[in-house]
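Here are the chains, one letter per residue:
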Amino acid sequence: MFHLKFPKKLLCFELKIGAIIIGWCHLLLSIAGIISALILLGNIQLQTETVDYVFSIYNGTTLIWFEEQTATDVRGWLEKSSTGTYLCTCIGNFVAASLLIYGSMKENHLLLLPWLTSEMMGILLLTFTMFFDFIELVIVVLLRVYIWICIWAFYREIKKNKQVTGYPEPPVIFRTNVDNPKKPPPYGNVVTVK
C-alpha cells in the first residue's frame, strides 16, 4: 500500500515558520495586485494596453477584431469585468493570506483552510490556462504544489496535535440551590457540572 510521506520542513524552515513566511509573501503580492487593479480600473488607456500585452504574451495575437463601436463597448466591458474579477481575487487572497499568518501563529488548523482552498484553485487555474511551451510556468506550478503540500502537512500536524491534547475544557459551573435559585447553596452542597 502506498503511504504518502509529508515533508517536515518547507525549504529550510520549520513548517510553522515557512507557513508564516509564505503567508507574508502572499499578503504582499495581494496588496500589490489590489493596487495595480485599482490603478487599471481608473485608467482606461493603461487597461487596454495591459490587456493587449497579456493576450500577446499568451497566444501572440491582439484583440484587433473590436473595430465597431458596439464591439468597442463590449471590449471595455470585458476589460473592466476582468480587472474587477482580478481585484476580487486579490482581495480574497489577501484575506486567505492573513488567515494563514494568524492561523500559523496561533496554531489553529481551521484558519489554514481558506489559504489551502484558494491556493488549490489558483494552481488548477494556472494549470488549465498555461501552455506547456512556457517552462517557467511549469516550474511555478511545481513550486506552488510543493508549498501547498508543506502547508497541508502543517495543517495535518496542527489538527493531529489538537486531537491528542484536546481543546480546553469548559469552565466549571456551580449549581445554585434548586428550591430557591436566588439563595446561594450552603458550603457543603456545592456541585460541579462537567
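First things first, this report covers the structure right here in the doc. Not measured: the values here are computed from a predicted model.

### Concerning the environment of S104
Right, so step 1: Turning to its location among the elements, S104 is positioned in helix α3 (residues 69-106).
Right, so step 2: Its relative accessible area of 0% is what places S104 among the buried residues.
Right, so step 3: Remark: the alpha-carbon pair of S104 and L15, spanning 89 residues in sequence, is separated by 9.0 Å.
Right, so step 4: In this view, S104 contacts K16, A19, I20, L112 and F154; residues no more than four positions away in its chain are not counted.

### Here's the deal with unusual backbone geometry
Right, so step 1: Look at E107: it is not a glycine, yet its phi comes out positive at around 55°.
Right, so step 2: Secondary-structure assignment places E107 in the loop between α3 and α4 (113-129).

### What about the environment of V51?
Right, so step 1: Mapped onto the elements of the fold, V51 is located in helix α2 (residues 44-59).
Right, so step 2: Put simply, V51 and E79 are 28 residues apart on the chain and 7.1 Å apart in space, counted from C-alpha to C-alpha.

### Observations concerning the nonpolar core
Right, so step 1: Membership of the largest hydrophobic core comes to 23 residues, with the highest contact counts inside it found for L10, L100, W115 and I151.
Right, so step 2: Mapped onto this core, the elements with two or more residues apiece are α1 (15-42), α3, α4 and α5 (135-165).
Right, so step 3: The biggest single contributor to this core is α5, with ten residues.
Right, so step 4: Residues contacting L10, with those up to four places away along its chain left out, are L15, G18, I22, Y146, I147, C150 and I151.

Conventions and cut-offs
Residues numbered from 1 in each chain as written. Predicted model: local features only at pLDDT ≥ 70, side-chain atom pairs only at ≥ 80, totals over all residues. Heavy atoms only, no water. Helix = DSSP H or I, 4+ residues; strand = E, 2+ residues; numbered from the N terminus. Buried < 20%, exposed > 50% of the residue type's maximum accessible area, 1.4 Å probe, protein only. Contact = heavy atoms within 4.5 Å. Core = buried A, V, L, I, M, F, W, Y, C linked by side-chain atoms within 4.5 Å.

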